Amino acid sequence: MPKITFIEHNGTAHTVEAVAGQSVMRGAVDNNVPGIDADCGGECACATCHVYVDPAWQAKVGGRSETEETMLSFAAGTEDNSRLSCQITMTDALDGLVVRMPAGQH
Amino acid sequence: MNHVSMDTVRAARERAWNTPLAELVVADPQLFQDNAHWPFFERLRKEDPVHFCRESEFGPYWSITKYKDIMAVDTNHKVFSSLSTLGGISIRDQRADFPLPMFIAMDPPRHDEQRKVVSPIVAPGNLAILEHTIRERAQTIIDGLPRGEEFDWVDRVSIELTTQMLATLFDFPFHDRRKLTRWSDVTTTIAGPGGLVETEEQRQTELRECAAYFMNLWNERVNAPPRGDLVSMLAHGESTRNMTPQEFLGNLLLLIVGGNDTTRNSLTGGLYAFSQFPEQYQKLRANHDLLDSAIPEIIRWQTPLAHMRRTAMADAVVGGKQIKAGDKVIMWYVSGNRDEDMIENPNELVIDRARPRQHLSFGFGVHRCVGNRLAEMQLKIVWEEILKRDLDIEVLAEPDRVLSTFIKGYTKMPVRIRS
């Protein structure tokens, strides 16, 4: 099972085993990682699973869809490496992925 | 006092299940004031979840009653428009003779540009700065409440607190703060004899006073360096500083109503819900950490805005039904939040649900409530302060409810704090 490391805004790291084929957001929510609210449950319809993808992983993770781009444009502290974690599907190729969380989800 | 008797509830249940589906009208303000709308939605979710109503005081409209169908409409803003000129965002069409353009009733890209101007004030970073002020004000209000005697929770707590909060966000003259409450109520009320405003003309006169008052604040702030309050943000924001007076008024009213009614009614709704489910309150008293899930659960249970409306811009299929371009489409959040297929025991308040944040009260997609985190923070602070003092608050009678299919709220709720 591919691993993901979530780093909270205060620096606390959580490494979890994710399920290939499921989203990065699921990896956080199903393992009770704090800092991912995921209000819409993975519909790309809010922006409360916002993460910053570690620059080393950005190319492998890929870019945003148009809808995701719009939702992220309303979030706080959006950066070039911002993604909605419900829109990143885990694969074995992403084993070891590192993402950081913003100060709060909005 | 408008007490809802058991007979009213029983009669509503009978009517809900015995009326032919084709004649069922759920968009009836009286049903909501009587708290008798529930069985109507129960039936629609079960027998005709995407339901066409041919005739109502609001004209023909579609009812979307299931969670997933509502999500599908809410996230499809390219087909389902919020545009004020098509009717806007509530079942009552926006009046053409007194247009109030506001970003909630715009579509992208204009909506997106204006929303981004106000969004930072309610983002987590700014909320952390506001928290201290909100808590102090909540403490003062709670400590000033009478002990051992009856008072109106809506007026003394819900209205007072949300009004103070609004005054803080706008940096509005504090002594005049109840004007904000008045303008909020005037915006959403139905004009008519004996009502809050008697005529549409009266409404427009009062709202022009609101515009004039804020225009003074605007002039004062547009000539001063940018500050963190909403008026200053609008006056200096690139996409908002050239708004027309009507657009300025529209967006102000959006922020006033958005920041006022909803939180107000969730504050009353929370206390009312705990009076209906006292064992949940005992659970919370025993473990204050449950507040993090109790707050979104209260917001789901209350659903302070019963619906949002869209207008179809193209033919579309929702829940197997053919919706035509031009049709009025009502997303009944109040029903989706009681959808048994998505939420277990949806009629009950359960403060430790596994996924309490998955509710429709804030909407989803580009129009999702911009102030949702502020609302949650306000509610959380109030309940923290109540729990700290371990106040025993008794609801003395059924609350009086708002006559509206849009604002799902309370006008009065007598309570007593046991001394």
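Refer to the structure presented above.
Remember, predicted model here, so these are calculated numbers, not experimental data.

## With respect to the interface of chain A and chain B
Every contact between the two is made by 21 residues of chain A and, on the other side, 21 residues of chain B. Summing both sides of the interface, chain A and chain B together bury roughly 1600 Å²; the carbon and sulfur share of this comes to 58%. The three residues of chain A that bury the most area against chain B are Asp39, Phe74 and His106 of chain A, which together make up 43% of that side's buried surface. Taken together, the connections running from chain A to chain B amount to 6 salt bridges. Linking chain A to chain B there are 10 residue pairs in polar contact (both at pLDDT 80 or more). Of all the elements in the fold, those that place two or more residues in the side of chain A that touches chain B are helix H1 (24-29) and helix H3 (66-74) of chain A. Here the element with the most residues in the side of chain A that touches chain B is H3 of chain A; it accounts for 5 residues. Classifying every residue of the side of chain A that touches chain B gives 8 nonpolar, 7 polar and 6 charged.

## As for the sheet that holds strand S9 (residues 393-395) of chain B
All names here are of chain B. Spatially, 3 strands are ordered S4-S12-S9 in an open sheet, and the strand pairing comes out antiparallel. Strands at the two margins of the open sheet, each flanked by one partner only, are strand S4 (150-152) and S9. Averaged over all pairs of adjacent strands, the angle between their axes in this sheet comes to 40°, without regard to strand direction. As judged from the 3 bridges shared by S4 and strand S12 (residues 414-417), these two strands associate in the antiparallel manner. Bridge pairing in S12 links Glu150 to Arg416. Lying over the sheet, helix H7 (residues 153-170) contacts S4, S9 and S12, oriented at roughly 45° with respect to S4.

## Describing the sheet that holds strand S5 (residues 97-100) of chain A
Residue and element names in this part refer to chain A. If you walk across this open sheet you meet the 5 strands as S2-S1-S5-S3-S4, and the pairing is mixed. Here the strands that pair on one side only, and so sit at the sheet edges, are strand S2 (13-17) and strand S4 (82-84). Here the strands of the sheet are splayed against their neighbours by 35° on average, with no regard to which way each runs. Sheet topology places strand S3 (residues 50-53) next to S5; 2 bridges connect them, and they run antiparallel. Across the sheet, the residue bridging to Val53 is Val99, located in S5. In this fold H3 packs onto S3 and S4, with an angle of close to 115° to the strand it touches most, S4.

## Points about the nonpolar core
Membership of the largest hydrophobic core comes to 113 residues, with the highest contact counts inside it found for Trp153, Phe170, Phe172, Phe214, Trp383 and Ile386 of chain B. By residue number, the principal contributor to this core is helix H11 (residues 245-276) of chain B, which donates 12 residues. In this view, Phe170 of chain B contacts Phe214, Arg221, Asp229, Leu230, Val231, Leu252, Leu255 and Ile256 of chain B; residues no more than four positions away in its chain are not counted. Within the second largest apolar cluster, 33 residues are counted, among which are Ile7, Cys49, Leu72 and Met90 of chain A.

Rules used in this analysis
- Residues numbered from 1 in each chain as written.
- Chains lettered and ligands numbered in written order.
- Predicted model: local features only at pLDDT ≥ 70, side-chain atom pairs only at ≥ 80, totals over all residues.
- Heavy atoms only, no water.
- Contact = heavy atoms within 4.5 Å.
- Buried area = accessible area lost by both parts, 1.4 Å probe.
- Salt bridge = Lys/Arg side-chain N within 4 Å of Asp/Glu carboxyl O.
- Polar contact = N/O pair within 3.5 Å; in protein donor to acceptor, adjacent residues only side chain to side chain.
- Helix = DSSP H or I, 4+ residues; strand = E, 2+ residues; numbered from the N terminus.
- Nonpolar A, V, L, I, M, F, W, Y, C, P; charged D, E, K, R; others polar.
- Pairing = 2+ DSSP bridges.
- Axes fitted to C-alpha atoms, helices over the stretch in contact; angles between N-to-C directions.
- Core = buried A, V, L, I, M, F, W, Y, C linked by side-chain atoms within 4.5 Å.
- Buried < 20%, exposed > 50% of the residue type's maximum accessible area, 1.4 Å probe, protein only.

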